[in-house]
Amino acid sequence: MKITKVEAIPFSIPYTRPLAFASGEVHVAEHVLVRVHGEDGVVGHAEAPPRPFTYGETQGGIRAVIDTIFAPQIVGLDVLDREKIHARLDRTVGNPCAKGALDIAIWDVVGKVLGRPVTSLLGGYTDRMRVSHMVGFDDPDRTVALAQRIHETYGITTFKIKVGRRPIARDVAVCRALRAHFGDAVDLYIDGNRGWSAAEAARALRAMDDLDLLMAEELNPADDVLGRRWLVGRTAIPFFADESVSRPAEAARALLDGSATAISIKTARTGFTGSQRVLFLCEALGVDTYIGNQIDGQVGTMASLVFGAAYKGTAERAGELSNFLDMSDDLLAEPLRIEGGELRVRDLPGTGVVIDEDKLSRYRTDR
Ligand code: MUC
Ligand code: MG
């Protein structure tokens, strides 16, 4: 089955609740829907969520690199020749979200051609994942009220709290209020998006020592080479690398040089093929992973779920699969539904993504 055409369709959907964190703020989902067409009219879909402040990709840049560089290199190749496809894409450095979306859309085509759900082609471990909800910067009372509503409405019992503000007491107060409100009924962990120095992060962790945090993520910049190693060495909980490991080789480097003890896997930036490589590396080294959220819409969340549910290592931890709840609308014909704190994969060939074409017409910005 040859690839006949690739489309990169920009769309824009506002958030009802903007998400603020140490490295940026999101008010509108300005994403790209990637469509890979195969012979016989088979079409695979994926969502590329650019994070300009994290990886430097933008909506316009993702479109341009796909239209002018990647599509001409892969049109005409067989969808099963994935090593060949990746060898061509990897001639160009960077562009993780553009490459990730192409990879996922190609897997979607493969699943449809074979008539099997991609989750079973990848690993087939389970059909569901527990969901972790990520909360952005706010004050303690509003954060507790939001988490309580999410807990009651969707049954979610794991929360990631964005930290990295100054003074550090602001974030400590939010975490403390959540623990006081929920007691041990929820799991809590923190993500600093590189906002603190190593010394500030160490102080913050000390101030939260009694809060039973599950793990910590990117509290200070990985480029503070010795500072990061010093911090990770004195942290008693898993220290996750996220945006500092956008490729399998970076994950290997981070683990070997002691600048992380665990790895967040985001299909938005490593697709399914790169995410497999990260996961298998971590499994071989005995290192924890979890499925992170690149502030994906529902199409991207479906991909995270399809991958996360496929493997024991990723399915056993709650995955960040709920931030589409902050969007005013989305593109899936049948919206995702979180029930009892879980999301289930769909028993459909491919990734299970079916696009609502009316919504796509409404939100696309190229016409
Ligand atoms: C996260 O885990 O950091 C914020 C920036 C990004 O790329 O992803 C989000 C969430
Ligand atoms: Mg993160």
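Analysis parameters
- Residues numbered from 1 in each chain as written.
- Chains lettered and ligands numbered in written order.
- Predicted model: local features only at pLDDT ≥ 70, side-chain atom pairs only at ≥ 80, totals over all residues.
- Heavy atoms only, no water.
- Near = heavy atom within 4 Å.
- Polar contact = N/O pair within 3.5 Å; in protein donor to acceptor, adjacent residues only side chain to side chain.
- Areas by Shrake-Rupley, 256 points an atom, 1.4 Å probe, with all protein chains shown as cover.
- 1 Å grid on protein atoms, 1.4 Å probe; cavity = no way out; pocket = protein on both sides within 12 Å on 5 of 7 lines; lining within 4 Å.
- Sits in = over half its atoms within 2 Å of the grid points.
- Domains from an automatic or database assignment.
- Helix = DSSP H or I, 4+ residues; strand = E, 2+ residues; numbered from the N terminus.
- Buried < 20%, exposed > 50% of the residue type's maximum accessible area, 1.4 Å probe, protein only.
- Contact = heavy atoms within 4.5 Å.
- Donors = N, O, S within 2.8 Å, 3.2 Å for Na, K, Ca; no water.
- UniProt positions renumbered as here; feature names shortened; annotations may be inferred.
- Salt bridge = Lys/Arg side-chain N within 4 Å of Asp/Glu carboxyl O.
- Arc of directions from axis to C-beta.
- Phe/Tyr/Trp six-rings, centres within 6.5 Å; stacked < 30°, edge-to-face > 60°.
- Lys NZ or Arg CZ within 6 Å of the ring centre and 35° of its normal.

Draft legend 1. Spatial organisation of the site of ligand 1. The environment of ligand 1 is made up of 14 residues, and the closest members are Lys160, Lys162, Asp191, Asn193 and Asp242. One nitrogen or oxygen atom from the side chain of Lys162 is found 3.0 Å from an oxygen atom belonging to ligand 1. Within the side chain of Asp242, one N or O atom sits 3.0 Å away from an oxygen atom of ligand 1. Within the complex, the protein chains bury 100% of what would otherwise be the 280 Å² of accessible surface of ligand 1. The site holding ligand 1 turns out to be the largest cavity. Two domains share the shell around ligand 1, each providing at least three of its residues, namely domain 1 (3-117 + 356-363) and domain 2 (120-344).

Draft legend 2. Representation of the side chain of Arg228 within the structure. Following the sequence through the fold, Arg228 ends up in helix 8 (residues 225-233). Arg228 gets classed as buried once you look at its relative accessible area, which sits at 0%. Residues in contact with Arg228, not counting those within four places in the same chain, are Glu218, Asn220, Pro221, Ala222, Phe239, Ser244, Gly258 and Ser259.

Draft legend 3. Up close: the coordination of the magnesium ion (ligand 2). Every protein donor of the magnesium ion (ligand 2) is listed here as Asp191 (OD), Glu217 (OE) and Asp242 (OD), and their distances to the metal cover 2.0 to 2.2 Å. Mapped onto the polypeptide sequence, the residues donating to the magnesium ion (ligand 2) form the spacing pattern D-x25-E-x24-D. One end of the pair, Asp191, is in strand 6 (residues 187-191); the other, Asp242, is in the loop between strand 8 (239-241) and helix 9 (248-256), with 51 residues separating them in the sequence. Exposure class is identical for Asp191 and Asp242. Each is buried.

Draft legend 4. Looking closely at the UniProt feature "domain: Mandelate racemase/muconate lactonizing enzyme C-terminal" (unreviewed entry) in the protein. Summarizing the sequence annotation, UniProt attributes the feature "domain: Mandelate racemase/muconate lactonizing enzyme C-terminal" (unreviewed entry) to residues 140-238 in the numbering used throughout. Helix and strand shares over residues 140-238 are 48% and 12% respectively, and the end C-alpha atoms of the span are 25 Å apart.

Draft legend 5. Here's a closer look at the pattern of salt bridges. Inspection of every chain in the model, using the stated rule, returns 26 salt bridges. Among the ionic pairs, Lys312 bridges to Glu316, the shortest N-O distance being 3.8 Å. Accessibility expressed as a relative area gives 47% for Lys312, which makes it partly exposed. The class for Glu316 is partly exposed, based on a relative accessible area of 46%.

Draft legend 6. Representation of unusual backbone geometry in the model. In this structure, the amide linkage connecting Arg166 to the following residue, Pro167, adopts the cis form with an omega of -5 degrees. Tracing the sequence through the fold places Pro167 in the loop between strand 5 (158-162) and helix 6 (169-182). Phi is positive for Asn95, which is not a glycine, with a value near 55 degrees. With respect to the helices, strands and loops of the structure, Asn95 is situated in the loop between helix 2 (82-89) and helix 3 (96-114). Phi at Glu218 is positive, roughly 40 degrees, even though this residue is not glycine. Take Glu218: it is sitting in the loop between strand 7 (216-217) and helix 8. A residue is classified by how much of its surface remains accessible, and Glu218, at 0% relative accessible area, is buried.

Draft legend 7. Main features of helix 2. Among the residues of helix 2, those classed as buried are Ile85, His86 and Leu89. Seen end-on, helix 2 carries its buried residues on one side only, within an arc spanning 95 degrees. Buried residues in helix 2 make contact with strand 1 (3-21), helix 1 (59-74), helix 3 and helix 11 (273-285).

Draft legend 8. Looking closely at the packing of aromatic side chains. Here the structure, examined in full by the defined rule, presents 8 aromatic pairs. Between Phe159 and Phe182, the aromatic rings sit 5.9 Å apart at their centres with planes inclined by 20 degrees, giving stacked as the arrangement. You can see Phe159 sitting in strand 5 and its partner Phe182 sitting in helix 6, a full 23 residues away along the chain. With a relative accessible area of 9%, Phe182 lands in the buried category. With a centroid separation of 6.1 Å and an interplanar angle of 20 degrees, the aromatic rings of Phe272 and Phe307 are classed as stacked. Here the residue Phe272 occupies a position in the loop between helix 10 (267-270) and helix 11, and Phe307 occupies one in helix 12 (residues 298-310), the gap between them amounting to 35 residues. Residue classification places Phe272 among the buried residues on the basis of a relative accessible area of 0%. On the basis of relative accessibility, which here comes to 0%, the residue Phe307 falls in the buried class. In this structure an aromatic cluster arises from ring pairing among Trp107, Phe272, Phe280, Phe307 and Tyr311. The aromatic ring of Trp107 is capped on one face by Arg82, whose charged end is 4.7 Å from the ring centroid.

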